[in-house]
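Each chain, letter by letter, is given below.
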Amino acid sequence: MTSTNGLVCDGCGQMASAEHIARRLQRLEWTTRYRPVHINTLFLGAFSPQDQKDFLYAPGDEFQGEAAQLLDALGISIAGKAADAVHSEFQRAGFFLTHVLECPMEGASTLPAEVQGALKARLPALATRIRRSLKPKRVMAVTEALAPAVEDIVRLDLGCPVLLDRGKPFRLVNSAGENVPERFREALAGTSKN
Ligand SMILES: [Zn+2]
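Residues numbered from 1 in each chain as written. Predicted model: local features only at pLDDT ≥ 70, side-chain atom pairs only at ≥ 80, totals over all residues. Heavy atoms only, no water.

J.: In this structure, what is going on with the pattern of salt bridges? I would like to understand it.
T.: Oppositely charged side chains can pair when the atoms bearing their charge come close. On inspection of all chains with the given rule, the structure shows ten salt bridges. Between R23 and E106 there is a salt bridge, with the nearest N and O atoms lying 3.8 Å from each other. Of this pair, R23 sits in helix α1 (residues 18-33) while E106 sits in the loop between β4 (95-101) and α4 (112-121), and the two are 83 residues apart along the sequence. Residue class for R23 comes out partly exposed when judged on its relative accessible area of 45%. On the basis of relative accessibility, which here comes to 27%, the residue E106 falls in the partly exposed class. Of the charged contacts, one joins D152 and K120 as a salt bridge, the two residues approaching to 3.2 Å between their closest N and O atoms. In this pair, D152 sits in helix α6 (residues 150-154) while K120 sits in helix α4, placing the two residues 32 residues apart along the sequence. (Salt bridge = Lys/Arg side-chain N within 4 Å of Asp/Glu carboxyl O. Helix = DSSP H or I, 4+ residues; strand = E, 2+ residues; numbered from the N terminus. Buried < 20%, exposed > 50% of the residue type's maximum accessible area, 1.4 Å probe, protein only.)

J.: Explain helix α3 (residues 83-92) to me, please; I cannot follow it from the model alone.
T.: Three- or four-residue spacings in an α-helix give side chains the same orientation, since the helix completes a turn every 3.6 residues. Residues of α3 that are buried: A83, V86, H87, S88 and F90. The secondary structure elements touched by the buried residues of α3 are β3 (41-47), α2 (65-74) and β4. G94 lies just past α3 and shows a positive phi near 80°. (Contact = heavy atoms within 4.5 Å.)

Here is the structure:
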């Protein structure tokens, strides 16, 4: 276990060790570099991924997990490109990705009730961040992990619409018989009939 020094992280509201804060600041630095001046579409996930390779804005030439799924669903190819080129393409499209908790969940608290509680506790801070700072034209809820909080998110005053897939966050990968990325792309292009 890492020791905490009584600090609460301003990115996630969890009790934070020095390492936790250092990782948070590192992610913030990577992310800020590719933040569009005017955000068109804000993709909203639940938590920053545990693994750095799953974190969209991490340097290095490997995209895995959530980062790879999002890029794939958007049709942004990563083959043969440096991470910087991929990040720039994402930024130029007016896209930005953030999470309700800007850090991974700490410790073993992955029980559904605890996850839901952690997400809900951060919603007021999220609403303020979106309304005052990020100011996107629209928010698209993505990833299954966000599902426990999605009904509360649509009730927040974010100053812009929240796009959902039939009342749920958009999933980014196909599941049995459903072309999920297609619905995601239709909503993104504004051609969804839902
Ligand atoms: Zn944190």
